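Structure assessment
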Amino acid sequence: MASRYEFAKIEKKWQRKWEETELFRVFEDPHREKRYILEMFPYPSGELHMGHVRNYAIGDVIARYNRMCGYNVLHPIGYDAFGLPAENAAIEHSVHPRKWTYDNITKMRRQLKTLGISYDWDREINTCDPEYYRWGQWLFLKFMERGLVYRRKAAVNWCPVCETVLANEQAKGGLCWRCESMVEKREFEQWFFKITEYAEFLLNDLEALTGWPERVKVMQRNWIGRSEGAMVDFALEDGKTVKVFTTRPDTLFGATFFLLAPDHPLVDEIVKETLRRKEVEKFRKRVAAETEIDRTSVEIEKNGCFTGTYVINPVNEERIPIWLADYVLMEYGTGAVMAVPAHDQRDFEFARKYDIPIKVVIQPDGQALDAATMKEAHVGEGVMVNSGRFNGMSSVEGAKAVTEFLKEQGKGDFAIDYRLRDWLISRQRYWGNPIPVIYCERCGVVPVSEEDLPVLLPEDVEFGKKGISPLTTVEEFVNTTCPRCSRPARRETDTMDTFTCSSWYFLRYTSPRESGMPFTKKAADYWMPVDQYIGGIEHAVMHLLYARFFTKVMRDMGLCKVDEPFTNLLTQGMVVKDGAKMSKSKGNVVEPGYIIDKYGADTARLFILFAAPPERELEWSDQGVEGCFRFLNRAWRVVYENMSSFAEGKSLPLDELDRDLRRMIHRTVKRVTEDVERFDLNTAISAVMELINANYKYNESKNRSARNGELLRELTEKLILLLCPFAPHICEEVWEKVGGRESVYLQPWPSYDETLAKAEEITMVVQVNGKVRDRISVPADISEEEMERVALSSEKVEKYTAGKRIAKVIVVPGKLVNVVVS
């Protein structure tokens, strides 16, 4: 039996051999079908955590399995290296962000190699390398040429702790996505990517992503937020108009007041001649200090301020007052709202508070609403009343008819609106990709010439000045000459959001040493799309949406032919300990290095893959790690014990025990194959464990001379092949011991005889909270883990558990599964 020391020696031996033989290096081969397996690349924080280990171990199993299935597998790695932590480290520890980042990359590279991940290290990339970020700048210029980049003054999300601007996606709920500080609103000149130009494509093409989790697609649909309705022109008393988008044109006759966002640009103009100016300014200042989460919360009372001015309702020519309201945001719609208090709850509460008239224009079936006695708004459909020529129409019919009327009158039209807003990419930070733009007093905004790329980050930079981007203090960087007129000019000092770097890195992997383009079309067309992408659900509406946007733009530029970057997506669950996410502040962090030193990389990988299904939360267990270490020792021992039997070359007639074991071998190969294909990696490992148990029982039932050597050879070889994606080092070692002349990963994935693999079937009852919801035919020898997996994947069960928390799953072996939800 190998000791812990021998396991460590084995792992170093095979990691060295893989590197020396370049086993995992790949090239385009038009005669072979490809598989592109990719895990989201890490930020180089310096230390791998167990979440990293889980992510990369899952990807490595899939990569190794596909390689053995005969595919040409691309499995690369790199580092998402720009970002705030490096700059903060510069301030806190007086170390340059470049040195901090590159030192951390060196540490993480060593840790990843220690885990034995099958990366093609020749394709390693680093987004803070000028050879990478020059192409990010090039893409910025190409986006600009296509009208997808613009600059404007805008109220933006500002994190006072990180001291930088945040995109809407990074300030959800009014909190900074990094430090969770309350976000403020400030006005700056900012650069935007026009992602809204692709909103319809981003929404519609979700339907083609059948390999993505539905909840990720739902999150993207909701974030894009397509709404059908009408764009309506309300006239100001001076003859100018202000546009409003509404999904309920059928309620227009019920608009009794009009709302503007406090920061709407029209406000200054309409109040400058009124007696309400001071009150309006006071209100605007108060709202500016509030967080978006407070302004939009349904639990906090809404506040407003009358402007002293009016608009004209286009359907009935009624003069209605203009108010400012804290719950109206400039970022959504047009920043203006027609307020219909009888049919919108927030408008209803606002009208009651400020004693504004309420007018019912939609009566629900079988009811007669009275505005004077209403306790809440009626927000549903019904029949139109108090709406002139449209009385008696249904809401649906009336919405269309009112919009047609507005169109005829030149006061509105049918419209589609999106919740999605253009992507704000400006960051007032040093450690990012410089925006390749120059400001010239004569020529205006001038893009940097392509031949002058990359715009390099200066090395000599002073950090720590509050509220100032470090780049603004570097005169040699700021002061330049205009590429058009050669006069003195100044360089843009904002850098790009780091998500711009991660929005195309998967394409750079296809030809990472290309110097004349971001990547070659030939390589991209061979490798793309990524066949399996693996990463966290937290990236659903940031990275994953931005990467889809970039891919579609680059397709339209002719750089690649794919519509979508990722065919299949697996979102792995978190690793938790003592019921909480691992964090240093909670004192519940388990360092991967400690586990590897004590038990070996194969044990760390095996536990992280066995403890829970990949998409579920994983609860750390020291006992579970010990159990996986013992299992690998058992696997080692049984291989050596089997070798002593099949070395004699005995091929005896099969008796009943032999036939049972042979059926078990083929059933296991089938189970593991099917489980790996559907990412049920924990049950695949369980199946291998059961095979080893059967092997031990067989050996105990017969003395050595009575054992069938050829059968044990078949079992041993298939056992090693089945286990090797999960525990690569020990499997390479024992494969060599049993006579393998080449790497185990150059062997084909084991096959099975369908007749031998077929098991007797039983009917498994599936309950949800004790009520029968499904009956499923399953193999008679199905394991408890497999029973649970099959039950939870039942469409009928999913119907009754959707949106609910699964408290526990009770398994009665061979009979039923009861899913308890709350």
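Just above sits the structure.
1. Observations concerning the overall build of the chain
- Looking only at helices and strands, the chain features 26 helices and 33 strands.
- With the C-alpha coordinates of the chain rotated into their principal frame, the extents come out at 105 × 75 × 50 Å.
- Counting only residues that meet the buried cut, the chain has 57% of its 822 residues in that class.
- Within the chain, counting contacts between residues at least 6 apart in sequence, those at least 24 apart form 72% of the total.
- Accessible surface for the chain amounts to roughly 35800 Å². Of this, 49% is attributable to carbon and sulfur atoms.
- Taking the average location of the 114 positive side-chain charges in the chain and that of its 125 negative ones, the two points are 2 Å from each other.

2. Some points on unusual backbone geometry
- Following Leu-453, the chain continues to Pro-454 via a peptide bond in cis, the omega torsion being 0 degrees.
- By the element assignment, Pro-454 lies in the loop between strand E21 (444-447) and helix H13 (475-478).
- Residue Pro-529 is reached from Met-528 by a cis peptide bond, and omega for that bond is 0 degrees.
- Considering the arrangement of structural elements, one finds Pro-529 in the loop between helix H15 (521-527) and strand E25 (530-535).
- Even without being a glycine, Phe-679 presents a positive backbone phi close to 65 degrees.
- Relative to the helices and strands, Phe-679 is located in the loop between helix H20 (656-677) and helix H21 (681-701).

3. A word on the environment of Val-639
- Topologically, Val-639 is positioned in helix H19 (residues 622-646).
- Residue contacts for Val-639: discarding those within four places in its chain leaves Thr-716, Leu-719, Val-734 and Val-738.

4. What about the sheet that holds strand E17 (residues 423-424)?
- Taken in spatial order, the 4 strands of this open sheet run E6-E5-E7-E17, and their pairing is antiparallel. The open sheet terminates on both sides in strands that have one partner only, identified here as strand E6 (164-166) and E17.
- Sheet analysis places strand E5 (residues 149-159) next to E6, joined by 3 bridges and oriented antiparallel. What sits directly across from Cys-159, in E6, is Thr-164.
- In this fold helix H5 (residues 130-145) packs onto E5 and strand E7 (184-193), with an angle of close to 85 degrees to the strand it touches most, E7.

5. Some thoughts on the sheet that holds strand E31 (residues 771-779)
- Pairing in this open sheet of 4 strands is mixed, and the strands run E31-E30-E33-E32 from one edge to the other. The open sheet terminates on both sides in strands that have one partner only, identified here as E31 and strand E32 (806-812). Averaged over all pairs of adjacent strands, the angle between strand axes in this sheet comes to 20 degrees, irrespective of strand direction.
- In the sheet, strand E30 (residues 761-768) pairs with E31 via 8 bridges, with the strands oriented antiparallel. Each residue of the ladder has a partner; that of Val-768, found in E31, is Lys-771.

6. As for the packing of aromatic side chains
- Evaluated as defined, the whole model comprises 48 aromatic pairs.
- Where Phe-143 meets Phe-550, the ring centres are 4.9 Å apart and the plane angle is 45 degrees; that geometry is what we call tilted. Of the two residues, Phe-143 sits in helix H5 while Phe-550 sits in helix H16 (residues 543-556), which places them 407 residues apart along the sequence. Phe-550 shares its class with Phe-143; the two are buried.

7. Let's talk about the side chain of Thr-551
- For Thr-551, the position within the fold is in helix H16.
- Polar contacts involving the side chain of Thr-551 include one to the main-chain carbonyl oxygen of Ala-547, which spans 2.8 Å.
- Apart from residues lying up to four places away in sequence, Thr-551 is in contact with Phe-506, Cys-560, Val-562, Asp-563, Glu-564 and Pro-565.

8. Some details on the nonpolar core
- Membership of the largest hydrophobic core comes to 186 residues, with the highest contact counts inside it found for Phe-140, Tyr-505, Phe-506, Phe-549, Trp-620, Leu-723 and Phe-726.
- If we skip the residues at most four places from it in the chain, Leu-723 touches Leu-606, Phe-631, Leu-632, Ala-635, Val-688 and Cys-731.
- Listed in part, the 34 residues of the second largest apolar core include Phe-234, Phe-253, Ala-336 and Phe-405.

9. Examining the state of the cysteines
- Under the criterion given, the structure shown has 0 disulfides.
- Cys-485 provides the cysteine sulfur closest to Cys-440, a residue in no disulfide bond, and the two sulfurs are 3.6 Å apart.
- Its sulfur unpaired, Cys-731 is 5.6 Å from the next cysteine sulfur, which belongs to Cys-724.
- Taking relative accessible area as the criterion, Cys-731 reaches 2% and is therefore assigned buried.

10. Observations regarding helix H2 (residues 50-68)
- An ideal rise of 1.5 Å per residue puts 27 Å on 19 residues; H2 measures up with 27 Å between its terminal C-alpha atoms.
- Most of H2 is tucked away: 18 of the 19 residues are buried.
- Looking at the residues trailing H2, positive phi occurs at Gly-70, about 100 degrees.

Procedures and definitions
- Residues numbered from 1 in each chain as written.
- Predicted model: local features only at pLDDT ≥ 70, side-chain atom pairs only at ≥ 80, totals over all residues.
- Heavy atoms only, no water.
- Helix = DSSP H or I, 4+ residues; strand = E, 2+ residues; numbered from the N terminus.
- Buried < 20%, exposed > 50% of the residue type's maximum accessible area, 1.4 Å probe, protein only.
- Contact = heavy atoms within 4.5 Å.
- Areas by Shrake-Rupley, 256 points an atom, 1.4 Å probe, with all protein chains shown as cover.
- Lys, Arg positive; Asp, Glu negative; His and termini not counted.
- Charge placed at Lys NZ, Arg CZ, Asp CG, Glu CD.
- Pairing = 2+ DSSP bridges.
- Axes fitted to C-alpha atoms, helices over the stretch in contact; angles between N-to-C directions.
- Phe/Tyr/Trp six-rings, centres within 6.5 Å; stacked < 30°, edge-to-face > 60°.
- Polar contact = N/O pair within 3.5 Å; in protein donor to acceptor, adjacent residues only side chain to side chain.
- Core = buried A, V, L, I, M, F, W, Y, C linked by side-chain atoms within 4.5 Å.
- Disulfide = S-S within 2.5 Å.
- Expected span 1.5 Å × (residues − 1).

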